[in-house]
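Structure assessment
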Amino acid sequence: MSAVLKAAAWMIPSVLLMAWRPNIILAGVLLLTCLAVLAAAVWKKWFRVPRKPVLAGIAVFAAGMPAAAGTLIWLFGEGYRRERLRAVLDPAGSEAGYGAAAVREVLGGSRMLGGDAADITRLPGLGDFVLSGVIVYYGIFAAVLLAGLILFLFVRFMRISLRQSIRILRRRERRLPGCSE
């Protein structure tokens, strides 16, 4: 069990570093990604722990940590952090949610193939709305194709990762001198 706690403790510095930045969404995505990798390792029996209770604990932590962080920001956070959280929870009702309204307006006239390059300048920050920019510039079909490609790569990488065997890890340990747990 201590190995799982150590693995979870290694997540904390990177997540806190991302949470310190103004982009709290990135910290949440990083936390959930790290927890998914830890859950996959527990599922593959890489840790000698009872699977069901540990996976249940990871699931509770995955749901509870963002909720606790959001509550702390809402109650004790600085004004701009609270406003950013409000924009995430209710983009249309927040002054900071101007991006969602602009994207909705620009995407309202999008076509299946091709688009109007002049509309792309109306998007607030293209770095934040990459898929919307693809829809406006290349059309809905290109965005669906891009999303499908990303989903395919994600599923492919997950399958490769989950097929890894503990035997491979043990073979590597035997070959490397000084590596023991």
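Details of the structure are given in the entry above.
From N to C terminus, the chain includes eight helices and zero strands. Each helix and strand of the chain, placed in order from N terminus to C terminus, yields the pattern α-α-α-α-α-α-α-α. Per-residue burial over the chain gives 21% buried out of 181 residues. A fraction of 45% describes how many contacts in the chain between residues 6 or more apart in sequence connect residues 24 or more apart. Surface accessibility of the chain: about 13,100 Å² in total, with carbon and sulfur atoms responsible for 68%.

On to the environment of A36, then. Secondary-structure assignment places A36 in helix α2 (residues 24-43). A36 sits 22 residues away from I58 along the chain, and the two C-alpha atoms are 8.6 Å apart.

What follows concerns helix α4 (residues 79-89). Owing to its 3.6 residues per turn, the α-helix aligns residues three or four sequence positions apart on the same side. Inspection of α4 places R81, L85 and A87 among the buried residues, and these make up the whole buried set. Along the axis of α4, the buried residues cluster in a sector spanning 160 degrees; they form a single face. Looking at the buried positions of α4, the neighbouring elements they touch are α1 (2-20) and α3 (51-76).

There is a patch of nonpolar side chains on the surface, built from L131, L146, L149, I150, F152, L153, F157 and I160 and spanning about 740 Å² of accessible area. A per-element tally of the nonpolar patch places helix α7 (residues 140-162) first, with seven residues. With a relative accessible area of 48%, L149 lands in the partly exposed category.

Looking now at the packing of α3 against α4. Contact pair α3 / α4: the axes reach a minimum separation of 8 Å and the direction vectors enclose 130 degrees. On the basis of their axis angle, the class for α3 and α4 is oblique. In the crossing of α3 with α4, the sense of the turn from one axis to the other is left-handed. Facing α3, whose interface residues are G70, I73 and W74, α4 presents R81, R82, L85 and R86. Partitioning the contact of α3 with α4 into residue classes produces three nonpolar, one polar and three charged.

Criteria and thresholds
Residues numbered from 1 in each chain as written. Predicted model: local features only at pLDDT ≥ 70, side-chain atom pairs only at ≥ 80, totals over all residues. Heavy atoms only, no water. Helix = DSSP H or I, 4+ residues; strand = E, 2+ residues; numbered from the N terminus. Buried < 20%, exposed > 50% of the residue type's maximum accessible area, 1.4 Å probe, protein only. Contact = heavy atoms within 4.5 Å. Areas by Shrake-Rupley, 256 points an atom, 1.4 Å probe, with all protein chains shown as cover. Arc of directions from axis to C-beta. Patch = residues over 30% accessible without salt bridge, like charges linked within 9 Å, V, L, I, M, F, W, Y side chains within 5 Å. Salt bridge = Lys/Arg side-chain N within 4 Å of Asp/Glu carboxyl O. Axes fitted to C-alpha atoms, helices over the stretch in contact; angles between N-to-C directions. Parallel < 35°, antiparallel > 145°, perpendicular 65-115°, else oblique. Left-handed = near helix turned anticlockwise from the far one by under 90°. Nonpolar A, V, L, I, M, F, W, Y, C, P; charged D, E, K, R; others polar.

On their own, these measurements won't tell you what the molecule is for.
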